[in-house]
Amino acid sequence: MAFSLIDLPYDSEALAPAISAETLSFHHGKHHKAYVDKMNAAIEGTDLASASLMEVIKAARGSNQGLFNNAAQVYNHGFYWYSLSGESTTPSGDLAAAIDDAFGSVADLKMALKDRGAGHFASGWVWLAARDGKLSIEETHDADTLADSGFNPLLTIDVWEHAYYLDHQNARPSYLGEVVDKLLNWDFAADNFARGTAWVYPG
Ligand code: MN
């Protein structure tokens, strides 16, 4: 089956000014769409044409870098859209307890996410993830993903320049500061933590 470009789970002004409607129009409507289109073209007429996105990622990892890059970027961008929200949310329940166990406090976790994101060399993704109930911050380079990694991804932040250049130019820490302080969707993270398995791309 062909995969689809999923809709953003909010309107295009919802994340402004940290992430403007103009950024979303390019990042979702051009970048994410291109990954979907290229993946669909690559699997059309092959054994993977009817596979799930997770199956495509697993099959391509290590054997077909071009397909892997596009499939992983389809997953990562879907996960990123859901990791953000224009509505203020806070960690609660089991997730809040796991954050305190691993990082000391929500404030300490937020500082660590900003530091890891700012320090990540070149393009990639910074994740809050769980494994055996224990939380950690993980980084993946370029298109790489935690989808099939054994970690349960809870949140991700895109640190490719295309995620922030129109709004923050080259100031990645400015983007990270606003995303981490204002836009992370802790309800999505809590749902992922409670489920215990990797989120499924809904398109
Ligand atoms: Mn991106």
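Residues numbered from 1 in each chain as written. Predicted model: local features only at pLDDT ≥ 70, side-chain atom pairs only at ≥ 80, totals over all residues. Heavy atoms only, no water.

> Run through the packing of helix H2 (residues 53–60) against helix H3 (residues 65–83), naming residues and quoting values.
It is at 8 Å that the axes of H2 and H3 come closest, and there the two elements cross at 145°. In terms of crossing hand, the pair formed by H2 and H3 is left-handed. Here Leu 53, Val 56, Ile 57 and Ala 60 of H2 lie close against H3, whose contacting residues are Gln 65, Leu 67, Phe 68, Ala 71, Ala 72, Val 74 and Tyr 75. Tallied by class, the residues present in the contact of H2 with H3 amount to 10 nonpolar, 1 polar and no charged. (Axes fitted to C-alpha atoms, helices over the stretch in contact; angles between N-to-C directions. Helix = DSSP H or I, 4+ residues; strand = E, 2+ residues; numbered from the N terminus. Left-handed = near helix turned anticlockwise from the far one by under 90°. Contact = heavy atoms within 4.5 Å. Nonpolar A, V, L, I, M, F, W, Y, C, P; charged D, E, K, R; others polar.)

> Which residues make up the sheet that holds strand S2 (residues 134–141), and what values go with them?
One open sheet holds the 3 strands; their spatial order is S2-S1-S3, and the pairing between them is antiparallel. Two strands in the sheet have a free side with no partner beyond their single neighbour: S2 and strand S3 (152–158). Neighbour to neighbour, the strand axes of the sheet diverge by 25° on average, direction disregarded. As paired elements, strand S1 (residues 124–131) and S2 share 8 bridges and run antiparallel to each other. Bridging across to S2, Ala 129 finds its partner in Ser 136. (Pairing = 2+ DSSP bridges.)

> How would you explain the pattern of salt bridges if you had to name every residue and give the values?
Enumeration according to the criterion identifies 6 salt bridges in this entry. Its salt-bridge partner being Arg 61, residue Asp 148 comes within 2.7 Å of it at the nearest N-O pair. Taken together, the residues span a long stretch of sequence, with Asp 148 in the loop between S2 and S3 and Arg 61 in the loop between H2 and H3 at a distance of 87 residues. Here Asp 181 and Lys 114 are joined by a salt bridge, their closest N and O atoms 2.9 Å apart. (Salt bridge = Lys/Arg side-chain N within 4 Å of Asp/Glu carboxyl O.)

> Go over the coordination of the manganese ion, please, and point to the residues and values.
The manganese ion binds to the protein through His 27 (NE2), His 77 (NE2), Asp 158 (OD) and His 162 (NE2), with metal-donor distances spanning 2.0 to 2.1 Å. On the accessibility criterion, Asp 158 (0% relative accessible area) is buried. (Donors = N, O, S within 2.8 Å, 3.2 Å for Na, K, Ca; no water. Buried < 20%, exposed > 50% of the residue type's maximum accessible area, 1.4 Å probe, protein only.)

> Please set out the side chain of Asn 70 residue by residue, giving values where relevant.
As for its placement among the helices and strands, Asn 70 is situated in helix H3. Once you skip the residues sitting within four places of it in the chain, Asn 70 turns out to touch Tyr 35, Lys 38 and Met 39.

> Tell me about helix H1 (residues 21–43), and please be specific about residues and values.
Across its 23 residues, H1 extends 31 Å between first and last C-alpha, which sits within 8% of the 33 Å expected from 1.5 Å per residue. If you look at H1, its biggest bend is around 30°, right at Lys 33. Of the positions making up H1, those classed as buried are Ala 21, Thr 23, Leu 24, His 27, His 28, His 32, Tyr 35, Val 36, Met 39, Asn 40 and Ile 43. For H1, the elements touching its buried residues are H2, H3, S3 and helix H6 (165–168). Phi turns positive one or two residues past the end of H1, at Gly 45, with a value near 80°. (Expected span 1.5 Å × (residues − 1). Bend = angle between axes of the 7 residues up to and from the residue.)

> Break down the side chain of Asn 185 for me, with residues and values.
As for its placement among the helices and strands, Asn 185 is situated in the loop between helix H7 (172–183) and helix H8 (186–195). A residue is classified by how much of its surface remains accessible, and Asn 185, at 15% relative accessible area, is buried. Within the local environment of Asn 185, its side chain forms a polar contact with the backbone oxygen of Tyr 82, the two atoms lying 3.4 Å apart. Within the structure, the side chain of Asn 185 is placed 3.1 Å from the backbone nitrogen of Asp 187, a separation counted as a polar contact. Look past the residues within four positions of Asn 185 in its chain and what remains in contact with it is Tyr 82, Ser 83, Leu 84, Ser 85, Thr 89 and Leu 155. (Polar contact = N/O pair within 3.5 Å; in protein donor to acceptor, adjacent residues only side chain to side chain.)

Shape is all these values report; function is a separate question.
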